[in-house]
Amino acid sequence: MNVFRKRLRAEFGKKVYRHFVCLCREELEQKNNKVPEEQIVRNEKVVYLEMCRQIQSLTKEEIEKKKERLAGTLMDAFRIARQFGFVFVFYVVASMILAAMGLDSRVTNISLVLMGVCFLYKVYEFVCNRFCFVDAYLMMLYKSALEQDNPSD
């Protein structure tokens, strides 16, 4: 599960999150059906309006905490993307060093398999967070709803 989905589900609950995803997909399908972009304004989006309704009853302190958690989630997403290059290089170099060490073939193979499993987990994490358009879109709407409900200026 990507970090955006985890945050949204934690903030709104699984049922409301699924409802938001369905609404978001409907809106995106409308956009793909040649609805002029001028007609798709943030304030007219059903998902955005429902998020605002959910946030409406919160105090300023609660909204500030939600903003901090949102910022932390965005930093987690950036961290995952930034670290992947390092993880890839580390995996390749470590595999070559392990193969060149001339250890018993069973030790080398088991070590390569274990490193491969760890690397596959990191690939999965990277891909899930890289290609999560609907969740990223919902996070942008959520960020806008938090800022709209509590203007800081």
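These figures come from a predicted structure and were not determined experimentally.

Student: Go over helix 5 (residues 105–130) with me, naming the residues and quoting the values.
Tutor: In this model, helix 5 (26 residues) spans 36 Å end to end at C-alpha, consistent with the 38 Å of a helix rising 1.5 Å per residue. Residues of helix 5 that are buried: Thr-108, Gly-116, Phe-119, Glu-125, Phe-126, Cys-128 and Asn-129. In this structure, the buried side of helix 5 is in contact with helix 1 (3–12) and helix 4 (60–100).

Student: Can you lay out the pattern of salt bridges for me, pointing to particular residues and giving the numbers?
Tutor: Scanning the entire structure with this criterion turns up 8 salt bridges. The partner of Asp-135 in a salt bridge is Arg-5, and the shortest N-O contact between them spans 3.3 Å. Pair noted here: Asp-135 is in helix 6 (residues 133–149) and Arg-5 is in helix 1, with a separation of 130 residues, a long-range link. According to the relative accessible area criterion, Asp-135 is buried, its value standing at 3%. Two residues, Arg-69 and Glu-11, come together in a salt bridge whose shortest N-O distance is 2.9 Å. Here Glu-11 lies in helix 1 and Arg-69 lies in helix 4, a separation of 58 residues in the sequence. Overall, the relative accessible area of 35% leaves Arg-69 in the partly exposed class. Overall, the relative accessible area of 13% leaves Glu-11 in the buried class. Shared partners join several salt bridges into a network, and the residues in it are Arg-7, Glu-11, Lys-66 and Arg-69.

Criteria and cut-off values
Residue indices begin from 1 for each chain and proceed along its sequence in written order. Thresholds applied to this predicted model are a pLDDT of at least 70 for local features of residues and 80 or more for the giving and counting of side-chain atom pairs; totals over whole chains, interfaces and linings are not thresholded and use all residues. As a rule here, side-chain values cover all heavy atoms of the structure and leave hydrogens and water aside. Helix numbers and strand numbers start at the N terminus; a helix is a DSSP run of H or I with at least 4 residues, a strand a run of E with at least 2. Here the expected span of a helix is defined as 1.5 Å times the quantity of residues minus one. Three labels apply to residues, based on accessible area from a 1.4 Å probe with only protein chains included: buried if under 20% of the type maximum, exposed if over 50%, partly exposed otherwise in between. Residue contacts are defined here by distance: any two heavy atoms, one from each residue, within 4.5 Å place the two residues in contact. The term salt bridge refers to a pairing of a side-chain nitrogen on Lys or Arg with a carboxyl oxygen on Asp or Glu at a separation within 4 Å.

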